[in-house]
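A structural walkthrough
The residues making up each chain are set out below.
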Amino acid sequence: MKNFVVKTVANAGALAVAVWVLDKITLTGNSTGKKIVTLLLVALVFGLVNFLVKPVVKILTFPLFILTLGLITLVVNALMLLLTSWLADKLDLSFHVEGFWTAVLGGLIISVVSWALNVVLPDGDND
């Protein structure tokens, strides 16, 4: 359970960095508390999308992974971020990603920041 919470917080932090760096990834809210709650909820949605949808997409596009030497991962990550944005809209969360290339850059930022945060944050598995 600790591992799940840590990964969700790391995803929320990575999403926050992407919102801060890219002006076409937006998070609206009238207070800091509401923005934090929204980020945590979007991080949950993002985690579920990556857990449920991404493995299926990776299996279906396996030949492209080989052909592009893994560069298709950038496209898959962008599609997962766009799907998260679409689901956030359906769930009435104030998170939006505008455009494919913004999603590619956002996915890259989120991957790097999430990796760095997962390295720094304790995972709870060492107990």
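This write-up is about the structure you can find in this document. (Residues numbered from 1 in each chain as written. Predicted model: local features only at pLDDT ≥ 70, side-chain atom pairs only at ≥ 80, totals over all residues. Heavy atoms only, no water.)

Observations regarding the overall build of the protein
Which entries qualify depends on this criterion: Secondary structure elements are defined from DSSP: runs of H or I of at least 4 residues count as helices, runs of E of at least 2 residues count as strands, and each element is numbered from the N terminus. Two things to know: the radius of gyration comes from C-alpha atoms, and the globule rule equals 2.2 Å times the number of residues to the power 0.38. The contact criterion used throughout is that any non-hydrogen atoms of two residues lie within 4.5 Å. Here the accessible surface of atoms and residues is derived via Shrake-Rupley with a 1.4 Å probe, and residues count as covered only by protein chains that are part of the display. When charges are counted, Lys and Arg are positive and Asp and Glu negative, with His and the chain ends excluded. Charged groups are reduced to one reference atom each: NZ for lysine, CZ for arginine, CG for aspartic acid, CD for glutamic acid.
Looking only at helices and strands, the protein features 6 helices and 2 strands. The C-alpha radius of gyration computed for the protein amounts to 15 Å, which stays within 12% of the reference 14 Å derived for 127 residues, consistent with globular compactness. Its C-alpha atoms give the protein principal-axis dimensions of roughly 45 × 40 × 25 Å. Sequence-distant contacts, at least 24 apart, represent 74% of the contacts inside the protein between residues at least 6 apart. As displayed, the protein has an accessible area near 7900 Å², and 72% of this comes from carbon and sulfur atoms. Seen as two clouds, the 8 positive and the 7 negative side-chain charges of the protein have centres 3 Å apart.

Quick notes on the side chain of Asn 11
Quick note on the threshold: For the exposure calls, accessible area comes from a 1.4 Å probe over protein chains only, and a residue counts as buried if that area is under 20% of its type's maximum, exposed if over 50%, partly exposed in between. Side-chain atoms alone can form a polar contact between residues adjacent in sequence; in general such a contact is a pair of N or O atoms within 3.5 Å, and within protein one must be able to donate a hydrogen while the other accepts it.
Along the chain, Asn 11 turns up in helix H1 (residues 2–21). Judged by its relative accessible area of 13%, Asn 11 is buried. Within the structure, the side chain of Asn 11 is placed 3.4 Å from the side chain of Ser 114, a separation counted as a polar contact. Not counting residues within four places of it along the chain, the set of residues in contact with Asn 11 comprises Ala 43, Phe 46, Gly 47 and Ser 114.

Examining the environment of Ala 12
Secondary-structure assignment places Ala 12 in helix H1. With a relative accessible area of 8%, Ala 12 lands in the buried category. Setting aside chain neighbours within four positions, we find Ala 12 in contact with Leu 39, Leu 40 and Ala 43.

Digging into the packing of helix H2 (residues 32–52) against helix H5 (residues 72–90)
Put simply, the rule reads: Axis angles are defined between N-to-C directions and span 0 to 180 degrees, where every axis is a line fitted to C-alpha atoms and, for a helix, only to the segment in contact. For classification purposes, angles smaller than 35 degrees are called roughly parallel, those larger than 145 roughly antiparallel, those between 65 and 115 roughly perpendicular, and all remaining angles oblique. By definition, turning the near helix anticlockwise from the far helix through less than a right angle yields a left-handed crossing, and turning it clockwise yields a right-handed one. In the scheme used here, Gly and all other residues not listed as nonpolar or charged are polar, with Ala, Val, Leu, Ile, Met, Phe, Trp, Tyr, Cys and Pro taken as nonpolar and Asp, Glu, Lys and Arg as charged.
The geometry of H2 relative to H5 is characterised by a closest axis approach of 9 Å and an angle of 130 degrees between their N-to-C directions. Taken as axis vectors, H2 and H5 run oblique relative to one another. The handedness of the crossing between H2 and H5 comes out as right-handed. Of the residues in H5, those touching H2 at Val 42, Val 45, Phe 46, Val 49 and Asn 50 are Met 80, Leu 81, Leu 83, Thr 84, Leu 87 and Ala 88. Looking at the contact of H2 with H5, its residues break down into 9 nonpolar, 2 polar and no charged.

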